[in-house]
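What follows is the residue order along each chain.
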Amino acid sequence: MSRLNEANVLVAKEIIGRYPRARSATIPLLHLSQQQNGYITDDAIAHIAELVGATSAEVLGTCTFYEMFKMAPVGKYLVNICGTMSCQLLGADELMHHAEQTLGVKAGGTTSDGMFTLEHAECQAACTEAPNMQVNYRHCHRMTTANFDELIDDLRAGRLDGEIPAHGTLARVRQQIPADKAAGVASPDAPVVPAWMPEAAQ
Amino acid sequence: MTTTEPSAANPATEAEAPPPDPNAVQITINGRPHTARKGQLLIDAAADAGEYIPRFCYHERMTPVGKCRMCLVEADSGRGPAVTVSCMVPVSPDMKVDTESPTTKRMQEGILELLLANHPLDCPVCDKGGECPLQDQAFSHGPGESRMLEEKRHYEKPIAISDLVLLDRERCILCDRCTRFADEVAGDALIHFNSRGNNTHITTFPDEPFASYFSGNTVQICPVGALTAQPYRFKARPWDLSQQESTCTSCSVGCRTVVQSSRDELLRYMGVDSDPVNHGWLCDRGRFNFESVKSDQRVLQPLVRSGDEFQPVTWNAAMAEAAALITEALAAGGPSSVGIIGGARGTNEDAHAWARLGHDVIGTPNVYAQMGDGLPNGLLAESPATIDEAANAATIVLLGPDLKEELPVLYLRLRDAAAKRRSRIIEFAPKQTGLTSYAWRHVAYEPGTQAAAVAATLSDADVAAQLAKGNVVIVVGRANLAESSAATIAALNEVRAAVPGAKVLTAFRRGNVVGALRVGMRAGTGGLDTRGMLQAAADGKIECLVLLGADPLADFPDTNLARRALKAVPRIIAVDTFLTGSSQHANVVLAASAYAEKSGTHTNLEGRVTALAREVTPSGSTRADWMIAAELALELGTDLGYSSVADITAAIAENVSGYEEVTSASAAGDGVLAGAPTDLDAVEIPLPAVPERNAYEYRLVVSRVLYDKAVSTAQSPSLAHLAPGATVHLHPLDLERVGTSAGSEVKVSGTRTSVVFRVVADDTVLRGTAWVPFNQAGPNVGELIDCFAPVNDVRIETI
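As the structure is a prediction and not an experimental result, all values here were calculated from the model.

**Q** Report on the overall build of chain B, specifying residues and quantitative values.
**A** The helix and strand inventory of chain B stands at 24 helices and 34 strands. Scaling as 2.2 N^0.38, a compact globule of 799 residues should have a C-alpha radius of gyration of about 28 Å, and chain B matches this with 29 Å. Evaluated residue by residue, chain B yields a buried proportion of 55% over its 799 residues. If you take every contact in chain B between residues at least 6 apart in sequence, the share linking residues at least 24 apart comes to 72%.

**Q** Give me the lowdown on the overall build of chain A, citing residues and values where you can.
**A** Along the backbone of chain A there are eight helices and four strands. Reading chain A from its N terminus to its C terminus gives the helix and strand order α-α-α-α-β-α-α-β-β-β-α-α. In terms of principal-axis extent, the alpha carbons of chain A reach across some 60 × 45 × 30 Å. Of all 202 residues assigned to chain A, the portion counted as buried reaches 32%. Contacts in chain A between residues at least 24 apart in sequence constitute 62% of all its contacts with a sequence separation of at least 6.

**Q** Pulling in residues and values, what's your account of the packing of helix 3 (residues 42-52) of chain A against helix 4 (residues 56-65) of chain A?
**A** All names here are of chain A. Helix 4 packs onto helix 3 with a crossing angle of 115° between their chain directions and a minimal axis gap of 8 Å. Along this stretch, helix 3 crosses helix 4, giving a crossing that reads as right-handed. For the pair helix 3 and helix 4, the contacting residues are Ile45, Ala46, Ile48 and Ala49 in the first and Ser56, Glu58, Val59, Leu60 and Cys63 in the second. Its residues assigned to classes, the contact of helix 3 with helix 4 comprises seven nonpolar, one polar and one charged.

**Q** Describe the interface of chain A and chain B, naming the residues involved and giving the relevant values.
**A** If you look at the interface, chain A gives nine residues, while chain B gives 12 residues. Considering each element in turn, the side of chain A that touches chain B owes the most residues, seven residues, to helix 4 of chain A. Split into classes, the residues belonging to the side of chain A that touches chain B amount to three nonpolar, four polar and two charged.

**Q** Got a sec to walk through helix 3 of chain A? Specific residues and values, please.
**A** Of all the residues in helix 3 of chain A, the buried ones are A:Ala44, A:Ile45, A:His47, A:Ile48, A:Ala49, A:Leu51 and A:Val52. Downstream of helix 3 of chain A by one or two residues, A:Gly53 has phi in the positive range, about 75°.

**Q** Account for the pairing of strand 1 (residues 24-29) of chain B, with residues named and values stated.
**A** Residues and elements named next belong to chain B. Here six bridges tie strand 1 to strand 2 (residues 32-37), and the two strands are oriented antiparallel to one another. For Ile29, the partnering residue across the bridge sits in strand 2 and is Arg32. Counting the residues between successive antiparallel strands, the hairpin from strand 1 to strand 2 contains two residues, one of them, Asn30, with a positive phi of roughly 50°.

**Q** If you had to explain the domain arrangement of chain B to someone new, which residues and values would you point to?
**A** By the assigned domains, chain B splits into domain 1 (26-115), domain 2 (125-134 + 149-234), domain 3 (303-374 + 513-673), domain 4 (378-506) and domain 5 (697-798). Computed over C-alpha atoms only, the centres of domain 2 of chain B and domain 5 of chain B are separated by 35 Å.

**Q** Summarise the sheet that holds strand 12 (residues 256-262) of chain B; cite the residues concerned and give the values.
**A** Note: strands within a sheet are paired through backbone hydrogen bonds, in either parallel or antiparallel orientation. Residue and element names in this part refer to chain B. Taking strand neighbours across the sheet as the criterion, the three strands line up as 11-12-13 in an open arrangement whose pairing is antiparallel. Unpaired on one side and paired on the other, strand 11 (242-247) and strand 13 (265-271) mark the two borders of the sheet. Neighbour-to-neighbour, the strand axes of the sheet open up by a mean angle of 30°, direction not taken into account. Taken together, the six bridges between strand 11 and strand 12 define a ladder with antiparallel strand orientation. In the sheet register, Thr247 faces strand 12, and the bridge partner there is Arg256.

**Q** Account for the nonpolar core, naming residues and giving values.
**A** The biggest cluster of nonpolar side chains holds 270 residues, and the ones touching the most others in it are B:Leu414, B:Ile474 and B:Ile573. Excluding residues within four positions of it along the chain, B:Leu414 makes contact with B:Ala390, B:Ala391, B:Ile396, B:Leu403, B:Ile425 and B:Leu435.

**Q** Provide a residue-level description of the pairing of strand 34 (residues 793-798) of chain B, including the pertinent values.
**A** All names here are of chain B. Across three bridges, strand 29 (residues 697-703) lies against strand 34 in antiparallel orientation. Within the sheet, the bridge partner assigned to Arg699 lies in strand 34 and is Asp793. In the sheet, strand 31 (residues 745-749) pairs with strand 34 via four bridges, with the strands oriented antiparallel. For Ser749, the partnering residue across the bridge sits in strand 34 and is Arg795.

**Q** Tell me about the domain arrangement of chain A, and please be specific about residues and values.
**A** Along its sequence, chain A is organised into domain 1 (6-71) and domain 2 (77-157). For domain 1 of chain A versus domain 2 of chain A, the distance between C-alpha centres works out to 29 Å.

**Q** Which residues make up the packing of helix 9 (residues 348-362) of chain B against helix 20 (residues 625-635) of chain B, and what values do they have?
**A** All names here are of chain B. Interhelical geometry of helix 9 versus helix 20 gives an angle of 25° and a closest axis separation of 7 Å. Considering the angle they form, helix 9 stands roughly parallel to helix 20. Helix 20 is crossed by helix 9, and the crossing has left-handed handedness. Along its contact with helix 9, which presents Glu349, Asp350, Ala353, Trp354, Leu357 and Val361, the element helix 20 presents Asp625, Trp626, Ala629, Ala630, Leu632 and Ala633. Taken together, the residues of the contact of helix 9 with helix 20 sort by class into nine nonpolar, no polar and three charged.

**Q** Which residues make up the sheet that holds strand 18 (residues 395-399) of chain B, and what values go with them?
**A** Residue and element names in this part refer to chain B. Here we have five strands laid out as an open sheet, ordered 20-19-18-21-22, and parallel in their pairing. Since the sheet does not close on itself, it has two edges, and those belong to strand 20 (441-444) and strand 22 (503-506), each with one partner. On average, each strand axis in the sheet is inclined to that of its neighbour by 15°, with strand direction left out of account. As paired elements, strand 18 and strand 19 (residues 424-429) share four bridges and run parallel to each other. Paired with Val397 across the strands is Ile426, a residue of strand 19. Where helix 13 (residues 450-458) meets the sheet, it contacts strand 19 and strand 20, and its direction lies at approximately 150° from that of strand 19.

**Q** Give a description of the environment of B:Ile202 that names residues and reports values.
**A** All names here are of chain B. The topology assignment puts Ile202 in strand 9 (residues 201-204). The sequence separation of Ile202 and Ala226 amounts to 24 residues, and the corresponding C-alpha distance is 9.9 Å. With residues up to four places along the chain from it excluded, the contact list for Ile202 reads Leu167, Arg169, Cys172, Cys178, Thr179, Ile191 and Phe193.

What counts, and where the lines are drawn
Residues numbered from 1 in each chain as written. Chains lettered and ligands numbered in written order. Predicted model: local features only at pLDDT ≥ 70, side-chain atom pairs only at ≥ 80, totals over all residues. Helix = DSSP H or I, 4+ residues; strand = E, 2+ residues; numbered from the N terminus. Rg over C-alpha atoms; globule rule 2.2 N^0.38 Å. Buried ≥ 20, exposed ≤ 12 C-beta atoms within 10 Å, placed from the backbone. Contact = placed C-beta atoms within 7 Å. Axes fitted to C-alpha atoms, helices over the stretch in contact; angles between N-to-C directions. Left-handed = near helix turned anticlockwise from the far one by under 90°. Nonpolar A, V, L, I, M, F, W, Y, C, P; charged D, E, K, R; others polar. Pairing = 2+ DSSP bridges. Domains from an automatic or database assignment. Core = buried A, V, L, I, M, F, W, Y, C linked by C-beta atoms within 7 Å. Parallel < 35°, antiparallel > 145°, perpendicular 65-115°, else oblique.

See the structure below:
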């Protein structure tokens with residue numbers, strides 16, 4: 001059963017309430033579902049479609065468009081090693097090779113204990129700190145094989161639990177949006193006067 | 001002119017130079033001036049000017065998306081020539097367009113080279129080969145060779161995205177036509193792009209097929225061979241097909257089609273874009289039921305009963321036998337002891353010939369084309385609206401059945417009107433319908449309270465204000481077969497009293513029922529309608545009954561009455577294409593030609609008369625209905641004077657009110673709208689008193705769904721299994737009240753008998769009512785319907 005659980009259905013309804021049109025909540029609900037299960041299941045997609053009033057095919061289409069929504073189980077930690085130019089020049093290939101050896105999986109695979117999924121990634125926008133990698137999208141700069149091993153040891157031992165939550169967790173403090181700031185306060189059908197028009201100032 | 005005043009002072013000058021059309025935009029296309037319309041897309045303006053711009057994703061009936069980039073041209077709107085996506089850009093004044101410049105040609109070659117980078121070029125084994133826009137445009141606009149050496153994409157082939165449609169993803173060029181159709185036109189967004197970039201492909205959700213009633217249209221609009229239809233796949237090559245334009249007679253919308261065959265075998269129907277009717281779309285039942293025409297279950301020669309068996313006989317013997325039956329009946333009970341039911345299946349000509357045979361030769365007033373499941377035919381006379389008027393009305397009042405199930409393409413037109421916010425729909429229905437989610441107001445009523453529900457809603461201030469805007473069209477049909485049609489008429493009268501100027505579109509369902517009624521298949525003075533005839537028959541007052549393509553056992557709501565009637569009538573003549581439940585009771589079965597085996601004209605629900613083409617030779621020794629009527633008349637000693645379809649078309653134009661303009665020439669293309677009939681009686685049915693519903697009972701709602709046991713569906717192997725089967729649908733809370741669960745069997749008891757159904761939880765059903773689809777395989781709901789009762793209540797118990 002990987003539909004949204006009861007608590008998350010309440011959260012989902014709160015999220016849907018922020019938007020003038022329910023289907024605008026599709027992506028936030030996909031995040032919510034990934035937070036709950038670590039990945040997105042077909043059941044979750046059907047459930048989200050039900051909640052936002054779209055068809056399952058539409059939600060699936062949206063979900064598969066984004067790489068960070070995983071359609072298959074991934075490890076507790078998703079390790080992304082950057083392979084774009086700066087990182088590659090400064091040893092990304094060696095780092096990847098070492099990671100594969102250490103974790104015992106090829107890029108794209110998940111360790112048998114379900115702890116780590118190793119992936120190739122494109123530029124992570126920190127070229128000055130190359131070579132880079134991310135663990136659950138948290139940056140790790142200037143990686144060497146030594147500090148890679150150290151990082152993996154820390155993660156295995158749970159010493160970084162406070163810093164890096166399990167895959168899928170977006171935020172540990174859920175966003176609170178006051179009702180008068182929600183996007184749905186103004187009707188989407190109401191005419192919008194652009195800010196630069198003189199009428200907008202009145 | 002120097003003055004800015006309107007020049008009333010000088011009308012002569014004004015006459016010489018009319019004011020410029022405010023909607024005209026002057027542009028130049030390939031050096032030639034052209035007047036386009038304001039807001040018109042460049043690609044359409046160029047087409048009007050005779051310059052066809054190649055395209056894949058653009059479709060006139062859908063929103064442009066600019067996905068394929070094939071329609072790039074050079075357009076100069078004052079800042080020098082710029083590469084422009086002509087399907088996304090509207091014309092602007094003094095725009096200069098070059099659709100043939102060297103740059104345009106280079107871009108077209110480049111786009112085609114890219115589109116073909118992953119296309120498998122398996123044209124020799126592809127069904128689309130020969131009629132493929134990609135193939136054609138690769139020849140006309142392509143570079144001729146490719147620089148791509150890389151491996152192409154590979155996919156599992158083909159995947160069935162529904163029972164009817166197969167998808168070969170490697171052929172797909174991602175033009176977004178099928179997905180746009182599913183979302184925008186059909187409203188069933190069950191197919192969608194999946195993944196991104198080079199991995200993008202079309203999919204359905206796993207285990208949720210593209211089960212749209214309109215899925216076949218995606219095959220027709222696919223610009224490559226990615227989508228193919230199961231019934232046509234690998235059946236023919238396009239260059240072997242012969243074709244004729246015709247009209248679909250699966251329901252009374254009358255969509256324009258092209259009927260295609262090869263070696264005298266029907267192979268495919270395609271929709272033709274008819275602006276007033278179907279906009280190019282067809283429903284799947286209409287598109288794929290050609291299979292029934294070539295079914296091996298067809299009656300191919302006349303049959304005469306001997307004992308319990310039918311013996312095939314010659315036409316002469318069958319005609320003599322049929323004439324003898326009629327003569328005996330006339331001798332035994334006089335003309336009014338003969339009844340003719342049916343005629344809605346055939347052409348106007350068929351119906352007219354049979355009407356003359358019945359009224360003039362036999363002399364009986366008991367002739368009727370409806371099967372007790374429609375509304376009084378007098379409705380046709382009352383300020384009829386066209387489909388276009390309905391789809392452009394400010395307010396559409398729906399007093400009808402679920403149009404998605406009964407008249408699918410009319411549903412598309414009205415859905416489009418509501419979805420694009422041209423019209424507001426006020427729907428009155430005993431159960432939610434396909435249009436409910438698009439309705440501005442949906443009023444669910446319990447059968448028997450329709451008129452009261454209408455009156456209550458019309459007194460609402462918002463509704464009254466909306467109706468006061470004018471331009472109101474009422475779409476009226478029979479929403480519930482288990483309820484007297486008087487209730488619908490009473491509701492209609494309520495609306496018409498509130499909105500005196502409202503026009504009425506009568507949503508009769510059966511193929512040519514409007515044509516049949518108008519050209520004479522209706523009761524004469526003192527005559528009986530179908531219910532009256534069946535009642536008279538059950539009472540032993542009918543000596544001979546002619547079933548003209550009619551199957552009362554399946555189609556008449558009250559099965560018990562139909563069965564008693566067929567049992568009591570001593571002589572039955574069936575004119576039919578199949579041995580149906582009813583025609584098996586016949587003494588003589590006259591084998592009739594089917595759709596596409598005979599030509600003629602057809603009248604749709606708005607009164608539009610269009611042509612029906614004969615594309616294939618009639619099967620076996622079958623004959624068109626009109627020939628059978630003419631010959632039978634001769635056997636009875638009267639010459640109707642008809643020796644060809646054209647003779648009857650001319651006779652109709654001469655004799656039938658409103659059909660003066662109808663000729664075989666005027667019926668071609670979009671056809672001709674017949675004038676309102678002046679010879680139909682106004683509708684007057686007293687509203688019977690509706691009994692209160694006992695709180696332990698459920699009010700029965702029975703209506704049709706698209707796929708049922710009708711022969712055209714049941715004898716088409718691709719469609720037959722799509723019929724859902726008979727089940728009783730209850731609101732989930734009522735299910736609890738009955739003390740049963742979805743999927744269990746319950747006993748449904750009416751006043752006459754009990755029937756056991758499987759029960760389905762369905763929150764589109766109103767509480768206190770039970771909905772059962774009509775004419776489905778399995779237990780027969782018709783056994784529970786008393787067609788004389790104003791409403792039918794049933795008791796539901798667990799077993």
